[in-house]
Each structure stands twice: as structure tokens, then as C-alpha cells.
Amino acid sequence: MLYTSTRNKNIKVSAAQAIAQGISEEGGLFVPCELPQFTLDKIGTMVDMTYIQRAKTVLKEFLTDFTDEELDYCVNGAYAADKFSSKKIAPVVNVNGNENILELWHGPTCAFKDMALQLLPYLMTVSAKKTADGKTIVILVATSGDTGKAALEGFKDVENTKILVFYPVDGVSPMQKLQMTTQEGENVAVCAINGNFDDAQSSVKSIFTNDEIKAQLAKKNMMFSSANSINWGRLVPQIVYYFSAYADLVEQGKITLGDEINVVVPTGNFGNILAGYYAKKMGLPIKKLVCASNSNNILTDFLKSGEYDKNRQFYTTTSPSMDILISSNLERLLYHMSGEDDTLVVDLMNKLSTDGRYVITEELMHSIQAVFDAGFCDEKSVFDTIHKYEKEYNYLCDTHTAVAVKVYENYVAETGDDIPTVVDSTASPYKFSKSVLCAVNSDDNCTLDEFDTVDELNRVTGADVPAPLKALKNKQVRFTDVCDKENMSEMVFKLLEL
């Protein structure tokens, strides 16, 4: 299988090249030239498989330049039993009727990013040996919270790699900040920026495509790559868990093979829900993909109207991983849905860069709306939903999952479309313990420090505290740097000690 760029479809590269490079030279994102097709019979064979076996079944269709031995090395290493707190890796939990929660946070950093970022370092290492001529790969990451820690944990002390993570100084939860600033490893560095996630992401993209900076790195036998979902190697593992969730629902008797399901995803950068779109296009019986936004509801507005406009108020919410106004992976969807019109994509991305907005044609909008629905959830509804699910269903969800759950409820109420549904749960509630405790209990305990809050939430709900979060309590903070967004390129060189 070959990969091309959303901004120049004349480009053709291997999977290894796409993963090692991260982003195309002209700023486009790599996408597969074609999608493998899975019949119902093939999906049916996955029902009795382990998660590792399911991952290999899906990934080998995309990583055709990897040998079976290389794929085994990558997948077995990523999803080893000692890394995940659930034997199922990504278990599906029935909460109420046709509502099924896909728990994607049982990995070492307690967020869904582990599902991909435990695998990406293995994919990157194999890809670099094939394509990068022994260069040191510099992983450059912008994070709204979870990607940063998951990438740091995945790449720590991986040979011939360095990883630099930038996060918005006031845009992550206290637990997320602690996870990053206490990170172990000799090849890691972390820096806060004065700005929001979009500022960090835009600066990272700019650094990626800066020829002068790339030339300076090349002199030191280094090259940039990405652990954000702009990297195909970050996105492709996420396709796996939609097939796995469907197989689990069949195994549990919630559906019969061939039945359609809906999927609801709390969405920021559009990668998680885009993986669901790829699964649908590959043959997985998904009826609707429901995009759930928080108060930064730019995606809801776009999916309802066809206008993408980032010239709006930015909200810092209790679901910070979704506090995003520039959803990078939407570019991939526009490329596919427009009939692979790279000229259109370039035009739309230029308008977004210069004007902060673009409008798609009515025809393209209708094509997207045939597959996607959307809704958003304000802060009060987030708290009300967490409270309701803990009290009525004895299910404790984090702030991001609560956004998806509430949007799911609204979608069913508005459409009557109550078929079996998978709702992505993207983080442990203990990563956002202060907000979750205030929602479950009352405002009386909202002044406790982070770890007293964790203990109180555990006392009130009885929900287990993940071991990796417990272990943070006495860890030493290693990284305290803060820079302005305009100075991120200088900080890159400082962190690399160049």
C-alpha cells in the first residue's frame, strides 16, 4: 500500500516513509491511496481473537512494507499484558440499554492516546531503519494534555529518538501537567507555552516545514517527525479499536454480525473520529459517526453548516483535550470526501491560514452529513452528566467522556436513532479528579489539593485509582520551562542542546 499527500496527490510513499517523515514536505497529511476492504466474514473471524490478534489483522493491510516478524515485534511490544490494566486492552462496558462505553484508557498514562502511542515508537523505530539512514528522529509534539504524556512515555529512552513536548501553560489539568513535568527518560524534554493548544500546534507545523530549521537538524544527522495524529502511524492504530469494539459487541450478544452500530466520539483534533470513518469505509457496519464537542463547538458548527470559522471566542474548559479550534485531521476527511481533490484542500487550508475560515460547497456538506452528525455540551451539562451516570448507573466518567455521553443522549432524543451505540471513553476520571469530584459530590471539596482530591473521589465512589496516577504523588518535577509561541523554534534548539 502506498500513501499520498492531502495537498499533492502526485506524491507516493511507503508506510515506513509516511511514518518516519510524519508530515509531507509541502505541509499536507499522508493518507492511504486506497483502503483495504473487510467482509463480514473477515470481521466475524475477529470475534474470537485477542486484541493483539485483531490489531495484526487490521494493521498488516496498511503496513505492507513491514514483514510479519516486524509487525509481530511492534504489536506484541505495544500491547503487552503488563502495560494495560485490562486484559481486553480496550474493553466495552454496557451502561444502559443500547449504550456501550468503549474504555480506551487502561494503558500506562490512563488516556486513549496510549492505544496508538504505545505502538508508534515501535512503528517509528522499524520505519526509521528502513528509510532514515540512521538519523536521530526528533519527535516534536504539541499537546492539549493527553498526547504529551502518552508520547513521552512511549518514546522515553527509545534508541535514536528525542522527544520534545509543548503544552499550553494554563490549558491542561493539574494531573496532566504533573504527568508531563515529572517524566523520566534521558531523551525527553517538556516546555509550557504562553498560549493555547492551537498556538502550539500551529507553531509545531511551522517548524516542521521550515527549510532552514530542517537544514540545521540535518547537519547533526537529525530529522523531525511527529507523534500527533497528523502522523499516519498515530492514526492507523486507532482504526483497530473500532473493529475490536464491534467484535466484542457480537461476542457479548449485544448485536448480530452485520448489524449496524452508531459511534459517538468526544472530538478535538478529529483524529479519533476519523479513525472510525476509516473503519466504516473499510466495511465495518457503522451507521452514523456522531462528533461530540465541548463549548469550543467549532466542529459542531462546521458539520451542521459547512462553514469552518476559527474567528471565535476560545474557551478553557474542564475537558481540555478538546479545547481546540484548528482540527488538523479534518483536512484528511475533506480530501477523501471531495473525491481526492488536493487542489481544493490546498485552497481551503490557505483560506484557514489567511482568513481563519472557509466554506465548503453544499454538495460536499451533504456528503459529509450523510456520514456524520454532531452536537455539543456546555460545562453545566458536563457536570450534570457525570453526576447522573455515577448516581443512576454507578458509572464514573471523566469530563471528556461526559461530553460524548450527553451528546449521545441528545442525539437519540432528537433522532430516535436508538440502535446499539459505542461511546468512546477517552480518559480515566482520575486525570480530572477535581472536576469529577465536584460533579459527583458538591463544591465543598473543590479546594482540596490534587492527591487529596483523588483520595476523596475514591472514597466517595469506590472507583479504583489507576496505579500510574498514584505513583505521581512523590515524583520530582523535572521540567519548568515556559516560552512564548513566537519563540518555540529557539526553544527546540535549546532543548536539543544545539
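Just so it is clear, the structure is predicted and the values come from calculations on it, not from any experiment.

**A word on the overall build of the chain**
Part 1 of the argument: A count of helical and extended segments in the chain gives 22 helices and 16 strands.
Part 2 of the argument: Relative to the 2.2 N^0.38 estimate, which gives 23 Å for 498 residues, the radius of gyration of the chain is 21 Å and therefore close to what a compact globule would have.
Part 3 of the argument: Projected onto its principal axes, the C-alpha positions of the chain cover 60 × 50 × 50 Å.
Part 4 of the argument: Considering the chain as a whole, with its 498 residues, one finds that 62% of them fall into the buried category.

**With respect to the nonpolar core**
Part 1 of the argument: Counting residues in hydrophobic clusters, the biggest one holds 142 residues, and the most contacted among them are Phe-166, Ile-239 and Phe-372.
Part 2 of the argument: Considering each element in turn, this core owes the most residues, 13 residues, to helix H11 (residues 232–252).
Part 3 of the argument: Ala-404, Val-405, Phe-451 and Val-454 belong to the second largest nonpolar core, which has 36 residues in total.

**Notes on unusual backbone geometry**
Part 1 of the argument: One non-glycine residue, Cys-110, adopts positive backbone phi at about 65 degrees.
Part 2 of the argument: If you trace the backbone, Cys-110 turns up in the loop between strand S5 (99–103) and helix H5 (114–117).
Part 3 of the argument: Residue Cys-110 is classed as buried on the basis of its relative accessible area, which comes to 2%.

**Re empty space enclosed by the protein**
Part 1 of the argument: Tallied over the full model, the rule gives one cavity of 30 Å³ or more.
Part 2 of the argument: Put simply, the largest cavity is a space of about 250 Å³.
Part 3 of the argument: Along the wall of the largest cavity there are 23 residues; nearest its centre are Phe-112, Lys-113, Gly-268, Asn-269 and Ser-321.
Part 4 of the argument: At the level of secondary structure, the elements contributing two or more residues to the lining of the largest cavity comprise H11 and helix H12 (271–282).
Part 5 of the argument: Its residues assigned to classes, the lining of the largest cavity shows seven nonpolar, 14 polar and two charged.

**Overview of the pattern of salt bridges**
Part 1 of the argument: One pass over the full model with this rule turns up 24 salt bridges.
Part 2 of the argument: Notably, a salt bridge pairs Glu-25 with Lys-214, separated by 2.8 Å at the nearest N-O pair. You can see Glu-25 sitting in the loop between helix H1 (15–21) and strand S3 (30–32) and its partner Lys-214 sitting in helix H10 (residues 211–219), a full 189 residues away along the chain.
Part 3 of the argument: According to the relative accessible area criterion, Lys-214 is partly exposed, its value standing at 22%.
Part 4 of the argument: With a closest N to O distance of 2.7 Å, Arg-357 and Glu-307 form a salt bridge. Of the two residues, Arg-357 is situated in strand S13 (residues 357–359) and Glu-307 in strand S12 (residues 307–309); the sequence distance between them amounts to 50 residues.
Part 5 of the argument: On the basis of relative accessibility, which here comes to 33%, the residue Arg-357 falls in the partly exposed class.
Part 6 of the argument: A single salt-bridge network, built from bridges that share partners, covers Arg-54, Lys-88, Asp-248 and Glu-251.

About the cut-offs
- Residues numbered from 1 in each chain as written.
- Predicted model: local features only at pLDDT ≥ 70, side-chain atom pairs only at ≥ 80, totals over all residues.
- Heavy atoms only, no water.
- Helix = DSSP H or I, 4+ residues; strand = E, 2+ residues; numbered from the N terminus.
- Rg over C-alpha atoms; globule rule 2.2 N^0.38 Å.
- Buried < 20%, exposed > 50% of the residue type's maximum accessible area, 1.4 Å probe, protein only.
- Core = buried A, V, L, I, M, F, W, Y, C linked by side-chain atoms within 4.5 Å.
- 1 Å grid on protein atoms, 1.4 Å probe; cavity = no way out; pocket = protein on both sides within 12 Å on 5 of 7 lines; lining within 4 Å.
- Points joined across faces, edges and corners; volume = space filled by probe spheres on them.
- Nonpolar A, V, L, I, M, F, W, Y, C, P; charged D, E, K, R; others polar.
- Salt bridge = Lys/Arg side-chain N within 4 Å of Asp/Glu carboxyl O.

By themselves these figures say nothing about function.
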